[in-house]
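Listed below, chain by chain, are the residues.
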Protein chains: 2
Amino acid sequence: MVTAPDLEQMADRIAAGNRRALARAITLVESSRADHRTQAQELLEKLVGRAGGAIRLGISGTPGVGKSTFIEAFGQHLTAAGHRVAVLAVDPSSKRTGGSILGDKTRMEHLARDPNAFIRPSPSGGTLGGVARRTRETMLLVEAAGYDVVLVETVGVGQSETTVAEMVDLFMLLLSPGGGDELQGIKRGVMELADLIVINKADGDLLAAAKRAATEYRGALGLIRPKTPHWRARVRLASALKGEGIEEIWRDITKYREAMTEAGALEKQRAEQAKAWMWQELTDGLVYALTRDRRVAAALPDWEARVMSGEATPGAAADALRALFLGHSEA
Amino acid sequence: MVTAPDLEQMADRIAAGNRRALARAITLVESSRADHRTQAQELLEKLVGRAGGAIRLGISGTPGVGKSTFIEAFGQHLTAAGHRVAVLAVDPSSKRTGGSILGDKTRMEHLARDPNAFIRPSPSGGTLGGVARRTRETMLLVEAAGYDVVLVETVGVGQSETTVAEMVDLFMLLLSPGGGDELQGIKRGVMELADLIVINKADGDLLAAAKRAATEYRGALGLIRPKTPHWRARVRLASALKGEGIEEIWRDITKYREAMTEAGALEKQRAEQAKAWMWQELTDGLVYALTRDRRVAAALPDWEARVMSGEATPGAAADALRALFLGHSEA
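Residues numbered from 1 in each chain as written. Chains lettered and ligands numbered in written order. Predicted model: local features only at pLDDT ≥ 70, side-chain atom pairs only at ≥ 80, totals over all residues. Heavy atoms only, no water.

> Talk me through the interface of chain B and chain A; I want residue IDs and the actual numbers.
Of the residues lining the interface, 47 residues belong to chain B; the matching set on chain A comes to 47 residues. Summing both partners gives a buried area of about 4,100 Å² for chain B against chain A, and 77% of it is carried by carbon and sulfur. When the buried area of chain B at its contact with chain A is split by residue, Met278(B), Leu286(B) and Met308(B) rank highest and sum to 15% of it. Along the contact surface separating chain B from chain A lie zero salt bridges. When residues of the side of chain B that touches chain A are traced back to their parent elements, those giving at least two are helix H3 (34-47), helix H8 (180-185), helix H12 (265-292), helix H13 (294-308) and helix H14 (314-326) of chain B. (Contact = heavy atoms within 4.5 Å. Buried area = accessible area lost by both parts, 1.4 Å probe. Salt bridge = Lys/Arg side-chain N within 4 Å of Asp/Glu carboxyl O. Helix = DSSP H or I, 4+ residues; strand = E, 2+ residues; numbered from the N terminus.)

Structural data, given as structure tokens:
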């Protein structure tokens with residue numbers, strides 16, 4: 001796709017804030033072709049020293065909660081204040097064509113046209129792990145390009161919230177003023193991930209319900225052990241439609257960052273996240289290398305069949321395949 | 001621990017239903033010592049042909065729902081009908097000493113003394129994956145020993161329900177008649193795992209509440225896509241204390257087994273479970289072998305430090321460590 005000098009140039013252009021170079025680099029990072037992977041790693045190595053400068057925010061909200069409207073209002077508020085905002089997404093169910101979250105940039109039409117904002121849909125298809133890796137790498141690229149606020153959005157599908165929470169500094173949960181009904185629908189584990197709960201649509205007829213919901217969520221949060229001793233999760237009301245509450249939310253985020261940075265907790269959290277990511281890459285890479293091994297590929301169908309019929313134990317099959325791969329008969 | 005002829009004898013004794021041999025074999029399977037692992041694999045290979053004959057049931061219920069009382073009543077009902085029942089547990093938080101789930105067999109004192117029942121607490125400590133592997137292997141052993149009903153219990157902690165659901169034929173969710181409050185507390189994903197929901201304590205003052213809860217849960221189940229086209233999840237009332245509803249639950253389980261067997265779906269489900277287990281073993285084994293590699297061990301601290309400080313990308317570190325392990329510089 002690109003030659004070595006091209007990579008050098010691409011890195012320079014990204015560092016200079018060139019949007020086309022950034023978009024091309026993200027496409028490279030998203031490719032699963034082996035040569036593209038190698039190039040992507042080289043590019044990331046050139047840029048990793050420039051990354052890390054942004055505040056990384058995760059945001060989750062089920063459809064109907066007004067997430068696009070919120071992100072648009074939130075993003076515009078930030079760019080107006082001089083920030084550069086990148087919006088990424090983690091949605092393993094998304095397809096580039098069709099109902100992609102964010103695929104349709106018209107959902108955030110103002111932000112999409114804002115020169116200080118950069119919107120990138122979720123990498124299409126693949127496992128949650130694969131989508132997550134590509135989003136993490138994209139995060140490094142947009143940071144190297146000078147975006148100082150990165151927003152990673154996800155829909156509440158399966159494990160995607162946990163995955164996003166593990167790659168950001170602060171995780172925000174966006175809810176509608178549904179009260180009890182709403183509370184029901186949230187998995188407990190997801191509440192536990194939240195550093196900030198935002199009840200959107202707190203305007204007009206729904207304001208009273210939003211206030212009641214806030215009280216409920218504050219109560220629910222009181223029962224949960226805080227993620228960190230340096231921050232207690234907060235509940236805020238917002239109306240993305242009217243642009244209300246956005247300023248307070250950004251102030252909370254700033255306070256969170258200050259408190260966590262001062263305690264050394266933010267740096268530690270990022271270090272742990274990077275380490276966990278390294279192990280994930282290592283594991284995935286090993287399994288990939290194994291599946292590409294000729295001896296393994298030749299023996300695999302037979303072992304799988306024997307395991308599936310109950311003729312061999314999974315452990316024995318795993319031992320045999322691993323030994324084939326590693327080229328000696330270690331047990 | 002045991003020599004090769006010992007393993008042959010141990011396998012024969014287990015097949016003959018010898019409880020002491022079975023208990024010793026489980027201890028072997030639970031050990032993480034490398035030589036024990038090898039022996040455990042050999043033993044399992046000798047016995048795998050005798051395994052698979054039981055119906056495998058998962059049961060989850062939070063503390064306070066009367067799970068022990070239910071399992072005791074359910075187990076005694078089955079042994080009275082001529083079945084041989086094994087009760088295993090998956091609880092990654094359990095320690096052998098202290099508050100172990102089932103560690104205290106007095107929680108099921110009648111069943112614990114029943115010659116046709118075998119109760120084994122959760123393997124102590126370790127990750128959920130490790131606990132799960134040992135429980136899966138123990139399941140093969142008790143099946144080889146002729147137990148025809150295996151009950152795997154778990155408390156609703158994190159991912160443990162999913163893990164148990166992935167090793168059994170039918171997953172049962174035990175609930176108390178809490179109605180709305182109760183419904184709130186259940187993660188949606190867990191409802192989706194259930195083939196059978198049992199509302200326990202449906203007696204006396206709580207009977208009316210239990211009936212209301214049953215209606216709620218039937219409604220909630222109606223919104224969930226069935227796991228299989230061959231079975232619709234059911235909601236049953238039970239009073240473990242009075243022994244009521246147990247017979248109906250067993251009848252449901254039998255019907256489930258018949259419907260799934262007839263459709264070929266049970267065999268397929270087990271085959272898929274075994275295959276997934278094989279891949280898990282293979283992945284875990286590869287990572288374990290990597291961590292034991294001298295070159296990797298020597299280079300690991302430096303790479304981890306560079307990744308944690310943001311100096312190197314996780315991908316580059318993973319590539320380098322993998323290349324060290326595999327002994328050549330593949331990318």
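> Describe the sheet that holds strand S5 (residues 170-175) of chain B, and please don't skip the residues or the numbers.
All names here are of chain B. Reading across the sheet, the seven strands line up as S3-S2-S4-S1-S5-S6-S7 and stay open at both edges, with parallel pairing between neighbours. Either end of the sheet is taken by a strand with one partner, and the two such strands are strand S3 (117-119) and strand S7 (234-237). Looking at each pair of strands side by side, their axes are set apart by 20° on average, direction ignored. Sheet topology note: the strand S1 (residues 55-60)/S5 ladder contains four bridges and is parallel. Across the sheet, Ile59 pairs through a bridge with Met172, a residue of S5. (Pairing = 2+ DSSP bridges. Axes fitted to C-alpha atoms, helices over the stretch in contact; angles between N-to-C directions.)

> Help me get a handle on the relation of the copies chain B and chain A, residues and values and all.
When chain B is fitted to chain A, the best match, at an RMSD of 0.1 Å, comes from turning it 180° and sliding it 0.0 Å along the axis. Expressed as an axis order, the relation between the two copies is that of a two-fold axis. A high fraction, 100%, of the interface residues of chain B reappear at the interface in chain A, so the copies pair face to face through one surface. (Least-squares fit on C-alpha atoms with pLDDT ≥ 70 in both.)

> With reference to specific residues and values, describe the packing of aromatic side chains.
Residue and element names in this part refer to chain A. Under the counting rule described, the total for this entry stands at eight aromatic pairs over all chains. A centroid spacing of 5.3 Å and a plane angle of 90° characterise the contact between Trp231 and Tyr256, whose relative ring orientation is edge-to-face. Residue Trp231 is located in the loop between helix H10 (207-222) and strand S7 (234-237), and its partner Tyr256 is located in helix H11 (residues 246-262); the two are separated by 25 residues in the primary sequence. Looking at Tyr256, the relative accessible area reads 1%, which means it is buried. Clustering of aromatic rings is evident, with ring pairs tying together Phe70, Phe74 and Trp250. Above the face of the Trp303 ring, Arg306 is positioned so that its terminal group lies 4.7 Å from the ring centre. (Phe/Tyr/Trp six-rings, centres within 6.5 Å; stacked < 30°, edge-to-face > 60°. Buried < 20%, exposed > 50% of the residue type's maximum accessible area, 1.4 Å probe, protein only. Lys NZ or Arg CZ within 6 Å of the ring centre and 35° of its normal.)

> Which residues make up the sheet that holds strand S1 (residues 55-60) of chain A, and what values go with them?
All names here are of chain A. If you trace the seven strands from one edge of the open sheet to the other, you get S3-S2-S4-S1-S5-S6-S7, paired in parallel fashion. Looking at strand neighbours, the two that pair on one side only are strand S3 (117-119) and S7, the edges of this open sheet. For this sheet the average axis-to-axis angle between neighbouring strands, irrespective of direction, equals 20°. Here strand S2 (residues 85-90) pairs with strand S4 (residues 149-154) via six bridges, running parallel.

> I'd like a rundown of the pattern of salt bridges, residues and numbers included.
Inspection of every chain in the model, using the stated rule, returns 30 salt bridges over all chains. One salt bridge connects Glu109(B) with Arg113(B), and the closest N-O pair in it is separated by 3.7 Å. One end of the pair is Glu109(B) and the other is Arg113(B), both in helix H5 (residues 109-113) and four residues apart, which spans about a single turn. Residue classification places Glu109(B) among the partly exposed positions, given a relative accessible area of 43%. Judged by relative accessible area, which is 58%, Arg113(B) ranks as exposed. In the salt-bridge network here, residues are joined through shared partners; they are Arg234(A), Arg236(A) and Asp252(A).

> Please provide a residue-by-residue account of the confidence of the model for chain A, values included.
Any residue range with low pLDDT should be treated as having predicted coordinates unsuitable for detailed reading. Residue and element names in this part refer to chain A. Mean pLDDT over chain A works out to 88, with 89% of the residues at or above the 70 mark. By mean pLDDT, helix H8 (residues 180-185) is the weakest element of chain A at 53, and H11 is the strongest at 97. Low pLDDT, under 50, characterises residues 96-104; the predicted model gives this stretch 27 contacts beyond four residues in sequence or across chains. In the predicted assembly, ipTM is 0.85 and pTM is 0.79. (pLDDT = per-residue confidence, 0-100.)

> If you had to explain helix H10 (residues 207-222) of chain B to someone new, which residues and values would you point to?
All names here are of chain B. Taking 1.5 Å per residue, 16 residues should reach 22 Å; H10 reaches 23 Å between its end C-alpha atoms and fits that length. All of the buried residues along H10 are Ala209, Ala210, Ala213, Ala214, Tyr217, Ala220 and Leu221. In a view along the axis of H10, the buried residues occupy a sector of 140°, so they form one face of it. Of the exposed residues in H10, those oriented more than 90 degrees away from the buried face are Arg212 and Thr215. (Expected span 1.5 Å × (residues − 1). Arc of directions from axis to C-beta.)

> An account of the pairing of S1(A) is needed here, citing residue identities and associated values.
All names here are of chain A. Burial within S1 is extensive, with six of its six residues counted as buried. Bridging between S1 and S4 involves six bridges; their strand directions are parallel. Note on S4: the bridge partner recorded for Arg56 is Val150.

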